[in-house]
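Chain by chain, the residues run as shown.
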Amino acid sequence: MDHTYYNACCFLGHRKIEASQELKDRLYKAIEMLITDKKVTSFLFGSKSQFDTLCHAIVTKLKEKYTYLERIYVRAEFPYIDEHYKEYLSKSYEDTYYPDKILKAGRAVYIERNYEKINKSNFCIIYYNKKYMPPKRKQSKNQVAFYQPNSGTKLAYDYAIKKGLEMINVFI
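Note that the structure is a prediction, hence the values are computed from the model and not measured.

Cut-offs applied
Residues numbered from 1 in each chain as written. Predicted model: local features only at pLDDT ≥ 70, side-chain atom pairs only at ≥ 80, totals over all residues. Heavy atoms only, no water. Pairing = 2+ DSSP bridges. Helix = DSSP H or I, 4+ residues; strand = E, 2+ residues; numbered from the N terminus. Axes fitted to C-alpha atoms, helices over the stretch in contact; angles between N-to-C directions. Contact = heavy atoms within 4.5 Å. Buried < 20%, exposed > 50% of the residue type's maximum accessible area, 1.4 Å probe, protein only. Core = buried A, V, L, I, M, F, W, Y, C linked by side-chain atoms within 4.5 Å. Phe/Tyr/Trp six-rings, centres within 6.5 Å; stacked < 30°, edge-to-face > 60°. Polar contact = N/O pair within 3.5 Å; in protein donor to acceptor, adjacent residues only side chain to side chain. Parallel < 35°, antiparallel > 145°, perpendicular 65-115°, else oblique. Left-handed = near helix turned anticlockwise from the far one by under 90°. Nonpolar A, V, L, I, M, F, W, Y, C, P; charged D, E, K, R; others polar.

(A) Quick look at the sheet that holds strand S1 (residues 8-13). Spatially, the six strands line up as an open sheet ordered S4-S3-S2-S1-S5-S8, and their pairing is parallel. Lying at the two open borders of the sheet, with one neighbouring strand each, are strand S4 (95-97) and strand S8 (166-169). Averaged over all pairs of adjacent strands, the angle between their axes in this sheet comes to 20 degrees, without regard to strand direction. Pairing between strand S2 (residues 42-45) and strand S3 (residues 70-74): four bridges, direction parallel. Residue pairing in the sheet places leucine 44 in a bridge with isoleucine 72 of S3. Along the sheet, helix H1 (residues 21-37) makes contact with S1, S2, strand S5 (123-127) and S8, crossing S5 at roughly 175 degrees.

(B) Spatial organisation of helix H4 (residues 109-119). For H4, the complete set of buried residues consists of Val109, Arg113, Asn114, Tyr115, Glu116, Lys117 and Ile118. The inward-facing, buried residues of H4 abut S1, S2, helix H2 (50-65), S3, S4 and helix H5 (152-163).

(C) Inspection of the nonpolar core at higher detail. The biggest cluster of nonpolar side chains holds 28 residues, and the ones touching the most others in it are Phe11, Leu27, Ile31, Phe43, Phe51 and Ile125. Looking at this core, the elements that each hand over two or more residues are S1, H1, S2, H2 and S5. Those residues in contact with isoleucine 125 that sit more than four places away from it in its chain are Cys9, Cys10, Phe11, Leu12, Leu27, Ala30, Ile31, Leu34, Phe51, Ile168 and Val170. With 18 residues, the next largest nonpolar core counts Cys10, Leu12, Leu44 and Tyr115 among its residues.

(D) Region of interest: the packing of aromatic side chains. Tallied over the entire structure, the rule returns 11 aromatic pairs. Geometrically, the ring pair formed by phenylalanine 51 and tyrosine 127 is tilted, given 5.7 Å between the ring centres and 35 degrees between the ring planes. Here the residue phenylalanine 51 occupies a position in helix H2, and tyrosine 127 occupies one in strand S5, the gap between them amounting to 76 residues. Both residues of the pair, phenylalanine 51 and tyrosine 127, belong to the buried class.

(E) Quick peek at the environment of histidine 56. Turning to its location among the elements, histidine 56 is positioned in helix H2. Setting aside chain neighbours within four positions, we find histidine 56 in contact with Phe45, Arg71, Ser92 and Tyr93. Engagement of the side chain of histidine 56 in a polar contact is seen with the backbone oxygen of serine 92, the distance being 2.8 Å.

(F) Quick peek at the packing of H1 against H2. Where H1 meets H2, the closest approach of the two axes is 10 Å, and the angle between their N-to-C directions is 50 degrees. In this view, H1 runs oblique relative to H2, as classed from their interaxial angle. Remark: the crossing between H1 and H2 carries right-handed chirality. Along its contact with H1, which presents Leu23, Lys24, Leu27, Tyr28, Ile31, Glu32 and Ile35, the element H2 presents Phe51, Leu54, Cys55, Ile58, Val59, Lys61, Leu62 and Lys65. Its residues placed into classes, the contact of H1 with H2 shows 11 nonpolar, no polar and four charged.

(G) Local environment of the environment of lysine 29. With respect to the secondary-structure elements, lysine 29 resides in helix H1. Residues lysine 29 and isoleucine 58 lie 29 residues apart in sequence; the distance between their C-alpha atoms is 9.9 Å.

Right, here's the structure in full:
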């Protein structure tokens, strides 16, 4: 199935955010501006982040006013879903899909899913703190040494810049 959307916006951001009223207001204004001024109709979401959850809530609120909006869930888990799960998701999204090209992505599945969202979008609203450092992790259960992984949001930000997306960073 072709998942091409006219004038789409994706959301990318750190898993944990400070959801202040000021951030919520900035997001609401940015999303509504994309709807009214840039004629955005489709919004692509991931999962696993407080930022995605907040953006979904705001788009859902704006959908009361702009009923034609589409909320698209680009899955990084569950490549094949049954009708029961599809019905569950249909309460929050107008469409969902799992990109075929991320089937064998392994640990990079969320990075590849974010690249997919960027590739399908004209605009990106991002919550990106350039000073953010993800927590250090062990490379494997058996290793003692820790390494500093790259921030998935930084990787997505760099890719979106490379692709020439119009971006709005709501982190201040």
